[in-house]
Amino acid sequence: MAEPILELRGLSRRFGALRAVDKVTLAFERGRVHAVIGPNGAGKSTLLNLLSGELRADGGSVHFRGEDVTRAPPDRLSRLGIGRSFQTATVLEGLTCEETLRLAAQSCLRSSMRFFRPSDRYPEVNARAERALGECRMTARRSARAKDLSYGEQRQLEIGMVLATSPQLLLLDEPLAGLGHDEALAVVDLLRAIAVEHTLVLVEHDMDAVFSLAAAVTVLVNGKVLETGTPAQIRASPAVREAYLGEEEP
Amino acid sequence: MTARQRVQALLCAGALALLAVAAVGDRFWLQLFGKAMITCIFAISLDLLVGYAGLVSLAHAAFFGLSAYALAGLTNRLQLVNPLLTLPLALAAAALAALCIGWLSLRAAGVYFIMVTLAFTQMLFYLFSEAPWFGGSDGLYLSQKPLLSILGRPLLDLGNRTAAYLFIFAALVLSYFFLSRLLRAPFGRVLAGIRGNEQRTRALGFSTARYKLTAFVIAGAVAGLAGYLDAALYGFVNPAELGWRQSGLLLMTVLLGGRGTLYGPILGAFLLTFLEHYGARLTDHSSALIGAVVILVVLFLPRGVAGLVERGGRG
Ligand SMILES: Nc1ncnc2c1ncn2[C@@H]1O[C@H](COP(=O)(O)OP(=O)(O)OP(=O)(O)O)[C@@H](O)[C@H]1O
Ligand SMILES: [Mg+2]
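Scoring rules and cut-offs
Residues numbered from 1 in each chain as written. Chains lettered and ligands numbered in written order. Predicted model: local features only at pLDDT ≥ 70, side-chain atom pairs only at ≥ 80, totals over all residues. Heavy atoms only, no water. Pairing = 2+ DSSP bridges. Helix = DSSP H or I, 4+ residues; strand = E, 2+ residues; numbered from the N terminus. Contact = heavy atoms within 4.5 Å. Axes fitted to C-alpha atoms, helices over the stretch in contact; angles between N-to-C directions. Near = heavy atom within 4 Å. Polar contact = N/O pair within 3.5 Å; in protein donor to acceptor, adjacent residues only side chain to side chain. Areas by Shrake-Rupley, 256 points an atom, 1.4 Å probe, with all protein chains shown as cover. Patch = residues over 30% accessible without salt bridge, like charges linked within 9 Å, V, L, I, M, F, W, Y side chains within 5 Å. Salt bridge = Lys/Arg side-chain N within 4 Å of Asp/Glu carboxyl O. Lys, Arg positive; Asp, Glu negative; His and termini not counted. Charge placed at Lys NZ, Arg CZ, Asp CG, Glu CD. pLDDT = per-residue confidence, 0-100. Buried area = accessible area lost by both parts, 1.4 Å probe. Core = buried A, V, L, I, M, F, W, Y, C linked by side-chain atoms within 4.5 Å. Buried < 20%, exposed > 50% of the residue type's maximum accessible area, 1.4 Å probe, protein only. Expected span 1.5 Å × (residues − 1).

This paragraph deals with the sheet that holds strand 4 (residues 59–64) of chain A. All names here are of chain A. Across the sheet, which stays open at both edges, the 4 strands sit in the order 2-1-4-5 with antiparallel pairing between neighbours. What marks the edges here is a single partner per strand, and that holds for strand 2 (18–29) and strand 5 (67–68). The sheet contact formed by strand 4 and strand 5 spans 2 bridges and is antiparallel. When the sheet's bridge partners are listed, H63 is paired in strand 5 with D68. Where helix 1 (residues 44–51) meets the sheet, its contacts fall on strand 1 (4–15), strand 2 and strand 4, and the angle it forms with strand 1 comes to roughly 120°.

The next thing to look at is the environment of P146 of chain B. Residues and elements named next belong to chain B. Summarising the element assignment, P146 is placed in the loop between strand 1 (140–141) and strand 2 (147–150). In this structure the C-alpha to C-alpha distance between P146 and N82, which are 64 residues apart in sequence, comes to 5.8 Å. What P146 contacts, discounting residues up to four positions off in sequence, is L71, V81, P83, L156, D157, L158, G159, Y228 and A232.

All names here are of chain A. Near ligand 1 lie 14 residues; those nearest to it are N40, K44, S45, T46 and H205. For ligand 1, an oxygen atom lies 2.9 Å from a polar atom in the backbone of G41. A distance of 3.0 Å separates an oxygen atom of ligand 1 from a polar atom in the backbone of G43. Compared with its free state, where it exposes 630 Å², ligand 1 has 61% of that area covered by protein. Elements with a contribution of two residues or more to the shell around ligand 1: strand 2 and helix 1. The element best represented in the shell around ligand 1 is helix 1, accounting for 3 residues.

So, about a positive patch on the surface. On the surface, R117 and R121 of chain A together with R4 and R184 of chain B cluster together to form a positively charged patch. Mapped onto the secondary structure, R117 of chain A falls in the loop between helix 3 (97–105) and helix 4 (123–135).

Residue and element names in this part refer to chain B. Looking at chain B as a whole, the pLDDT averages 90, with 99% of positions reaching at least 70. The element-level mean pLDDT for chain B is lowest in strand 3 (residues 153–157), coming to 79, with helix 9 (residues 208–234) highest at 96. Here the predicted complex scores 0.92 on pTM and 0.90 on ipTM.

Below, the discussion takes up the interface of chain A and chain B. Across the boundary between the two partners, chain A contributes 35 residues, which contact 25 residues of chain B. In total, chain A and chain B occlude about 2600 Å² of area from one another, counting both sides; carbon and sulfur atoms represent 62% of this. The largest contributions to the chain A side of the interface with chain B come from L103, M113 and F115 of chain A, which together make up 23% of the buried area. At the boundary of chain A with chain B, the tally comes to 3 salt bridges. Among the salt bridges present, the one from R202 of chain B reaches D75 of chain A, with a minimum N-O distance of 3.2 Å. Across the chain A-chain B interface, the total number found is 14 residue pairs in polar contact (both at pLDDT 80 or more).

Residue and element names in this part refer to chain B. Mapped onto the fold, S45 is located in helix 2 (residues 27–52). Among the polar contacts made by the side chain of S45, one reaches the main-chain carbonyl oxygen of F42 at a distance of 2.6 Å. S45 has contacts with H60, L179, A219, V222 and A223, leaving out every residue within four places of it along the chain.

In terms of nonpolar packing, the biggest core is built from 119 residues, with L101 of chain A together with F63 of chain B touching the most fellow members. Ranked by the residues each element gives to this core, the list is headed by helix 9 of chain B, at 17 residues. Within the second largest apolar cluster, 30 residues are counted, among which are V162, L163, V188 and V219 of chain A.

All names here are of chain B. Turning to its location among the elements, L49 is positioned in helix 2. Taking relative accessible area as the criterion, L49 reaches 0% and is therefore assigned buried. Separated by 20 residues in the primary sequence, L49 and Y69 have C-alpha atoms spaced 23 Å apart.

This brings us to the sheet that holds strand 8 (residues 199–203) of chain A. Residues and elements named next belong to chain A. The mixed open sheet is built from 6 strands, whose spatial order is 6-7-8-3-9-10. Every interior strand has two partners, whereas the edge strands, strand 6 (82–84) and strand 10 (224–229), have only one. Along the sheet, successive strands turn relative to each other by an average axial angle of 20°, direction set aside. Relative to strand 8, strand 3 (residues 33–37) runs parallel, the two being bridged by 4 bridges. Opposite A35, over in strand 8, you have L202 as the bridge partner. Against the sheet, helix 1 touches strand 3, strand 6, strand 7 (169–173), strand 8 and strand 9 (216–221), its axis set at about 150° to strand 7.

On to the pairing of strand 2 of chain A, then. Moving residue by residue along a regular strand, the side chains alternate between the two faces of the sheet. Residue and element names in this part refer to chain A. Where strand 1 and strand 2 come together, 8 bridges link them in antiparallel fashion. Its bridge partner being in strand 2, F15 is matched across the sheet by L18. Linkage of strand 1 to strand 2, two consecutive antiparallel strands, is achieved through a turn of 2 residues, within which G16 is found at a positive phi near 60°.

On to a nonpolar patch on the surface, then. Taken together, I295, L296, L299 and F300 of chain B make up a surface patch of nonpolar side chains, about 460 Å² in accessible area. The topology assignment puts F300 of chain B in helix 12 (residues 286–300).

So, about helix 4 of chain A. All names here are of chain A. Taking 1.5 Å per residue as the helical rise, helix 4 with its 13 residues ought to reach 18 Å, and the 18 Å between its terminal C-alpha atoms agrees with that figure. Buried-residue contacts for helix 4 involve helix 3 and helix 5 (151–164). Directly beyond the C-terminal end of helix 4, a positive phi value near 60° is found at R137.

Okay, structure coming up:
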């Protein structure tokens, strides 16, 4: 049996009286695509925010490769190997694709408190940025300003930024949100290629994409885990159908 | 010509013109251009914060003024005249003040950051205008200007007008290269990321708070260099130099010239220095004249005078 790369034990987060994430216990296994699905407001983004350090947990703990990282801030988690993308594309305004990826690739330097040598003269940074540019299939758009990209391209660049930090675990929050049919297909294809070498936690509403990519699926409803299983099990589960899939499919 | 080449040509021509002023050696021009170059150093240091790190600081005059007072104190009380001692000490004082003020004010974000930096500047202004050891609101004269001599032979005498002018010129050239290198280095790229989207940059593994504080300290030290040169050029310091009015005027200089370009604030500094000087000759209301120019530029040239250069002056 594969060892978990990330383990959540009783993880909770409240907003006032609302239990956005309620005692979630889960294990994400190394080398797999694990999808987290659930209706709007189920707490999926909040869960990712807890895992990436954007939000502090009220209770429970998170263990990354055995180390307790519950209180670690986002920059430390990124350096440890947890990369994340955001639900709305958050490209860095004013930078080109290449500059964006080179910045992300700088995370391979022990510190970026370097004041003299231009960043494009660090061979390791260049190599990493170039690799990420290819992996997110944006090589042809290298000199385009991030804000001039189409929405689909922005999402690809967003994934490229995560890849350039050489993460062991990728947390992706709705990478297909807002994409047209063809753009979504391109990103699914991209995710499939990334999944070969990485562990992915995928939050997504697009069920076709989820069932075609994921090896494991967790259904979250009202902040609680309703069920975890293989795509086939989830599809067949009456509880899930009632709570979630039923609403979506006519 | 590309925009980049045009900027380089402009900077080279400007540098030659400044050297030509030194060759002519006219007292009035040395003083006016010397002052303008000091404002340039001061303005590009603020541009690092406003234009690159996205931090609108009104505390910047504090570092300029503290360094100027540090020179006055070291000269008058400790009889230190060697710039190899006084310059590093004055810069260290400015950097240390920037570390303290930055550490506290960077806890606030957005408009609160602006307010906190303003409050610090106000406090220092009152401290220096009220306290008698600093000469109060009248300010202080330096008992002697910085002088570097080896074996009794003067090597660099900032009391000499031309030498001081050339020293300021060298300081401007060095500051410009230092900052433009720094902006292309990994550190500067992280600042660009922070300006684009701080949360995203943090998620890429950069402790953005530390980078912002470091930028604040570096900018404070460079502002300190400008303050040191100002005190050395005029042989006089006064509390207005570290007031919020000076901070605000500098912010106007940066916006007028075009923030986030380094050379824009240089253009802005020359423009404002001349406007102030000739405006005061033309009218008693030179502040209103400057205000009108700033309003026109902000309305019609949102990227400052630098925007004009980049479009090749085609309007
Ligand atoms: N910062 C916040 N402050 C207060 N309430 C919040 C905050 N963030 C999220 N919530 C609430 O917590 C609940 C879970 O939100 P969350 O964004 O995690 O849902 P989600 O599953 O990602 O939904 P979606 O599918 O729409 O993205 C929602 O009811 C939301 O309104
Ligand atoms: Mg969400």
